[in-house]
Amino acid sequence: MTEQYQAMTEEQHNEWVREKFQAANAFLAQHGVLTERVLTKDSRYMAPLVAIWKFSIQGVTDKVWAVSGEVPTDYMDASAAATPRDALRYFCYRWQQKADMILNGDTPPDAQQKAIAEEFIKNAERLYPLTENNAMWEEEV
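These numbers come from a predicted model, not from an experiment.

A. Molecular detail of the packing of aromatic side chains. Taken as a whole, this structure holds 6 aromatic pairs when the rule is applied. Plain terms: the ring middles of Y45 and W53 are 4.9 Å apart, the flat faces sit at 50° to each other, and that makes the pair tilted. Since its relative accessible area comes to 2%, W53 is described here as buried.

Have a look at this one:
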């Protein structure tokens with residue numbers, strides 16, 4: 001991942017962050033979550049793989065974590081994770097759970113469901129090691 005980041009210019013990095021912010025914000029809006037602002041000091045960008053966003057919500061004191069990038073765009077209540085590192089762990093765990101529910105549900109999954117489950121597993125397994133790398137989270141240690 002570091003080699004990929006180093007290959008990006010600052011302009012490319014900024015454009016990637018902008019695109020992933022827009023994707024996360026649009027995803028939240030599609031799910032009825034209207035954001036007030038992004039809390040940049042609590043958000044992390046690991047371009048070009050993943051961005052973890054913390055948003056405040058319009059009209060309430062609630063906040064959410066959202067993830068976007070080369071992973072499934074997803075969100076959760078911010079009370080479930082104190083830091084972006086914890087949020088990424090949570091998303092990885094949740095994707096594993098979703099995959100397990102698809103693969104081991106009451107009815108056998110069709111090919112499309114199986115592909116979705118495999119994608120959840122692949123992303124969880126690819127991102128979880130990042131949560132164990134202290135150097136990537138120095139600001140939180």
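The structure having been displayed, the exposition proceeds.
B. Structural detail: the packing of helix α3 (residues 84-103) against helix α4 (residues 111-131). Orientation of α3 relative to α4, taken along the N-to-C sense of each, is 155°, at an axis distance of 8 Å. As far as their axial angle goes, α4 and α3 are roughly antiparallel. In the crossing of α3 with α4, the sense of the turn from one axis to the other is left-handed. Taken together, the residues that form the contact of α3 with α4 break down as 14 nonpolar, 4 polar and 5 charged.

C. Layout of helix α2 (residues 10-30). An ideal rise of 1.5 Å per residue puts 30 Å on 21 residues; α2 measures up with 30 Å between its terminal C-alpha atoms. Just past α2, the residue G32 takes up positive phi, approximately 80°.

D. Expanded view of the confidence of the model for the chain. Mean pLDDT over the chain works out to 91, with 94% of the residues at or above the 70 mark. In this model, residues 1-5 is a region of pLDDT below 50 whose contacts with residues beyond four sequence positions or in other chains number 9 contacts.

Reading the values: rules and limits
Residues numbered from 1 in each chain as written. Predicted model: local features only at pLDDT ≥ 70, side-chain atom pairs only at ≥ 80, totals over all residues. Heavy atoms only, no water. Phe/Tyr/Trp six-rings, centres within 6.5 Å; stacked < 30°, edge-to-face > 60°. Buried < 20%, exposed > 50% of the residue type's maximum accessible area, 1.4 Å probe, protein only. Axes fitted to C-alpha atoms, helices over the stretch in contact; angles between N-to-C directions. Helix = DSSP H or I, 4+ residues; strand = E, 2+ residues; numbered from the N terminus. Parallel < 35°, antiparallel > 145°, perpendicular 65-115°, else oblique. Left-handed = near helix turned anticlockwise from the far one by under 90°. Nonpolar A, V, L, I, M, F, W, Y, C, P; charged D, E, K, R; others polar. Expected span 1.5 Å × (residues − 1). pLDDT = per-residue confidence, 0-100. Contact = heavy atoms within 4.5 Å.

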